[in-house]
Amino acid sequence: MNARAVFRCIAGCPGEHPLGQVLYRCPTCAGLLEVSHDLEALATRSPEAWKQLFAERWRGVDGPSSSGVWAKREWVLPELRDENLVTLGEGATHLMPIPRLASALGLGDVRIKQCGTSHSGSFKDLGMTVLVSMVQQMIRDGVPIRAVACASTGDTSAALSAYAAWAGIRAVVILPRGKISTAQLVQPLANGALVLAIDSDFDGCMRLVAELADREGVYLANSMNSLRIEGQKTVALEIAQQWGWRAPDWVIIPGGNLGNVSALGAGFEMMLALGLIDRRPRICVAQAEHANPLYRSFQQGYAELAPVKARTTAASAIQIGNPVSFAKAVRALKACDGVVASVTEAELADASARADLAGAFTCPHTGVALGALAQLAAAGEIRRDHSVCVVSTASGLKFADFKVGYHEARLAEVPSPLHRNQPIELPERYDAVRDAVLRGIA
Ligand SMILES: *Cc1c(COP(=O)(O)O)cnc(C)c1O
Ligand SMILES: [Zn+2]
């Protein structure tokens, strides 16, 4: 198979650009680029043959197929040479049915795609394995790249630092000081990245890193770089594969910079084009009320983006007021009759805790998606006969402060947590323990 892929402008400017070129924006209109695959070449293998191949490679024991991303490599980055693979075993994550949550919401088939079960604890690994592998290939092909750099609300920098450290490439991360969790800050430090903490917000850090990338020969690793989207796209492929090569009726995903929903949409489009599925899911992007520019646009029939000043939210990874991938997200939503929801701090925290009660351990961003699920179920938009996939974006273990704060009723704007659970402190006396146990399990 002679599959190949190139960068193209999403606004349709003429020209295609090789993926091994340092390029983040369209040279003609400065708009977003996307990776465009040679679908004719990919279509020389039948849908059934692709399904068979992907089934054989699922959770492979070793080699590229031990990564969920590289198990789909022809659809992701066909021109990557094996020796340049930088993988930490990302992807092929569990699609977890959560029946007790489903029935609490009056729904039937609800499953959580556990993208946070990954090396650095978030779905960002899926895109970073592709980007850093490509950088490795470019460096070895003689492209002068001094370092890879990103602005981050936490998870992007953790992923970039890990993959770069594994490959021996210098990483620079630019973070908003005091706005990310301890666990997130410690990952890039531990992996030896150069960490700059700036008195600004994410959007300010993004402006700085974009300027560095333009001027100083560092390679930009933010999701404006569409190589990352190619890896993240495999989430859609895995959801369909795990659902028996069907799209569920709904996919709900939290959105900040909106790269991930763009990737999700691109994955379903590609499967549709190549005949692996026969319909799209409806996609819901869930935003925190404190950072909801896409929601505001949606309310006005997808009005032009009006950037907002993002306010503090427990869902810190989506505290973004000026989303880079806005145009791609709108395109994906329009194609699938999508919707956008806006979720309060109390809704996201209670929704996260509600899912935990049914056996999950969700991060606040997944809580935003679950809050949207509760809203859509209450409105009758999502019904009992619908199949629903909620995309979990990070491990709850990265957000222990949020979890503890909830159960101790210390979260801002969540004074009365609905699902609070606290330890019962007792002396070492059998009768006291017995009474507490019998009362507690009654
Ligand atoms: C990055 C991130 C998001 C948002 O993804 P976008 O592509 O920026 O919309 C959501 N949740 C977590 C945990 C993240 O790290
Ligand atoms: Zn263009």
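Above this text is the structure in question.
Residues numbered from 1 in each chain as written. Chains lettered and ligands numbered in written order. Predicted model: local features only at pLDDT ≥ 70, side-chain atom pairs only at ≥ 80, totals over all residues. Heavy atoms only, no water.

Participant: Just checking my understanding: could you explain the environment of Thr 362 for this structure?
Facilitator: With respect to the element layout, Thr 362 can be found in the loop between α14 (345-357) and α15 (364-378). It is 19 Å that separates the C-alpha atoms of Thr 362 and Glu 289, two residues lying 73 residues apart in sequence. Beyond its immediate stretch of four places on either side in the chain, Thr 362 contacts Ser 352, Ala 355, Asp 356, Leu 370, Gly 396, Phe 402 and Lys 403. Here Ser 352 takes part through its side chain, which lies 2.7 Å from a polar atom of the side chain of Thr 362. (Helix = DSSP H or I, 4+ residues; strand = E, 2+ residues; numbered from the N terminus. Contact = heavy atoms within 4.5 Å. Polar contact = N/O pair within 3.5 Å; in protein donor to acceptor, adjacent residues only side chain to side chain.)

Participant: Sorry, what's going on with the sheet that holds strand β10 (residues 250-254) here?
Facilitator: Paired through backbone hydrogen bonds, the strands of a sheet run either parallel or antiparallel to each other. Pairing within the open sheet is mixed, and its six strands lie in the order β4-β5-β13-β10-β11-β12. Among the strands making up the open sheet, the edge pair consists of β4 (95-97) and β12 (339-343). Each neighbouring strand pair of the sheet contributes to a mean axis angle of 25°, computed without reference to strand direction. Sheet topology note: the strand β5 (residues 109-114)/strand β13 (residues 387-392) ladder contains six bridges and is parallel. For Asp 109, the partnering residue across the bridge sits in β13 and is Ser 387. Packing of helix α10 (residues 234-242) onto the sheet brings it into contact with β4, β5, β10 and β13, and relative to β5 it is tilted by some 140°. (Pairing = 2+ DSSP bridges. Axes fitted to C-alpha atoms, helices over the stretch in contact; angles between N-to-C directions.)

Participant: How should I be thinking about empty space enclosed by the protein in this particular structure?
Facilitator: A probe as big as a water molecule, rolled over the atoms, marks out the empty space that is left. In the structure shown here, the tally under the stated rule is five cavities of 30 Å³ or more. Put simply, the largest cavity is a space of about 290 Å³. Together, 26 residues line the largest cavity, and Phe 123, Lys 124, Asn 257, Ala 317 and Ile 320 are the ones closest to its centre. Going through the elements one at a time, α6 (155-167), α9 (227-232) and α11 (259-273) are the ones with two or more residues in the lining of the largest cavity. Empty space within the second largest cavity amounts to approximately 50 Å³. In terms of lining, the second largest cavity is formed by Thr 153, Pro 176, Lys 179, Asp 201, Phe 202, Ser 316 and Gln 319. (1 Å grid on protein atoms, 1.4 Å probe; cavity = no way out; pocket = protein on both sides within 12 Å on 5 of 7 lines; lining within 4 Å. Points joined across faces, edges and corners; volume = space filled by probe spheres on them.)

Participant: Before we go on, may I ask you to explain the coordination of the zinc ion (ligand 2) in this structure?
Facilitator: Distances from the zinc ion (ligand 2) to its protein donors, namely Cys 9 (SG), Cys 13 (SG), Cys 26 (SG) and Cys 29 (SG), fall within the range 2.2 to 2.4 Å. Coordination at the zinc ion (ligand 2) is tetrahedral: its four donor atoms span angles of 109 to 111° at the metal. A relative accessible area of 4% means that Cys 26 is categorised as buried. (Donors = N, O, S within 2.8 Å, 3.2 Å for Na, K, Ca; no water. Tetrahedral: all angles 85-135°; square planar, octahedral: opposite > 155°, others 65-115°. Buried < 20%, exposed > 50% of the residue type's maximum accessible area, 1.4 Å probe, protein only.)

Participant: What am I meant to see in a nonpolar patch on the surface here?
Facilitator: A surface patch of nonpolar side chains, amounting to about 560 Å² of accessible area, comprises Ile 424, Leu 426, Val 433, Val 437, Leu 438 and Ile 441. Assignment of secondary structure puts Ile 424 in the loop between α16 (400-407) and α17 (430-441). The class for Ile 424 is exposed, based on a relative accessible area of 60%. (Patch = residues over 30% accessible without salt bridge, like charges linked within 9 Å, V, L, I, M, F, W, Y side chains within 5 Å. Areas by Shrake-Rupley, 256 points an atom, 1.4 Å probe, with all protein chains shown as cover. Salt bridge = Lys/Arg side-chain N within 4 Å of Asp/Glu carboxyl O.)

Participant: What exactly am I supposed to notice about the site of ligand 1 here?
Facilitator: Near ligand 1, the surroundings consist of 14 residues, among which Lys 124, Asp 155, Gly 256, Asn 260 and Thr 393 are the closest. Take Leu 258: an N or O atom from its main chain is 2.8 Å from an oxygen atom of ligand 1. Take Gly 259: an N or O atom from its main chain is 3.1 Å from an oxygen atom of ligand 1. When isolated, ligand 1 has an accessible area of 390 Å², and the protein chains bury 97% of it. Spatially, ligand 1 is embedded in the largest cavity. Tallied by class, residues from the shell around ligand 1 come to five nonpolar, seven polar and two charged. (Near = heavy atom within 4 Å. Sits in = over half its atoms within 2 Å of the grid points. Nonpolar A, V, L, I, M, F, W, Y, C, P; charged D, E, K, R; others polar.)

Participant: For this particular structure, what's the right way to read the packing of helix α5 (residues 124-140) against α6?
Facilitator: When two helices pack together, their arrangement is given by the angle between their axes and by how far apart the axes lie. Where α5 contacts α6, the axes come no closer than 9 Å and their chain directions differ by 40°. As far as their axial angle goes, α6 and α5 are oblique. The two elements α5 and α6 meet at a crossing, and its hand is right-handed. Contacts from Lys 124, Asp 125, Met 128, Thr 129, Val 132 and Gln 136 in α5 reach Asp 155, Thr 156, Ala 159, Leu 160, Tyr 163, Ala 164 and Ala 167 in α6. Among the residues making up the contact of α5 with α6, the classes are represented as seven nonpolar, three polar and three charged. (Parallel < 35°, antiparallel > 145°, perpendicular 65-115°, else oblique. Left-handed = near helix turned anticlockwise from the far one by under 90°.)

Participant: Explanation requested: the sheet that holds strand β6 (residues 147-151) in the structure shown.
Facilitator: Strand order in this open sheet of four strands is β8-β7-β6-β9, and the pairing throughout is parallel. Only two strands of the sheet have a single partner each, and these edge strands are β8 (194-198) and β9 (218-220). In this sheet, adjacent strand axes meet at a mean angle of 25° when their direction is disregarded. Pairing of strand β7 (residues 171-176) with β8 involves five bridges; the strand directions are parallel. Among the inter-strand pairings, Pro 176 is bridged to a residue of β8, identified as Ile 198.

Participant: What is the right way to read the packing of aromatic side chains from this model?
Facilitator: Enumeration over the complete set of coordinates arrives at six aromatic pairs. Each ring, one from Trp 50 and one from Trp 75, has its centre 5.6 Å from the other, and the planes form 90°; the classification is edge-to-face. Residue Trp 50 is located in helix α2 (residues 47-57), and its partner Trp 75 is located in helix α3 (residues 73-76); the two are separated by 25 residues in the primary sequence. An identical accessibility class is assigned to Trp 50 and Trp 75; each is buried. Consider the rings of Phe 298 and Tyr 302, whose centres lie 5.6 Å apart with planes at 65°: the pair is edge-to-face. For Phe 298, a relative accessible area of 23% corresponds to the partly exposed category. (Phe/Tyr/Trp six-rings, centres within 6.5 Å; stacked < 30°, edge-to-face > 60°.)

Participant: What is the right way to look at the side chain of His 365 in this model?
Facilitator: Structurally, His 365 is set in helix α15. Aside from chain neighbours lying at most four places away, what touches His 365 is Pro 254, Ala 315, Ser 316, Ala 317, Ile 318, Thr 393 and Phe 399.

Participant: What exactly am I supposed to notice about the environment of Ile 320 here?
Facilitator: Among the structural elements, Ile 320 can be located in the loop between α12 (293-299) and α13 (326-335). Classification of Ile 320 as buried rests on a relative accessible area of 3%. As a C-alpha pair, Ile 320 and Phe 202 span 118 residues in sequence and 6.5 Å in three-dimensional space. If we skip the residues at most four places from it in the chain, Ile 320 touches Thr 153, Phe 202, Asp 203, Gly 256, Asn 257, Ala 291, Pro 293 and Ala 310.

Coordinates in, geometry out; function isn't part of it.
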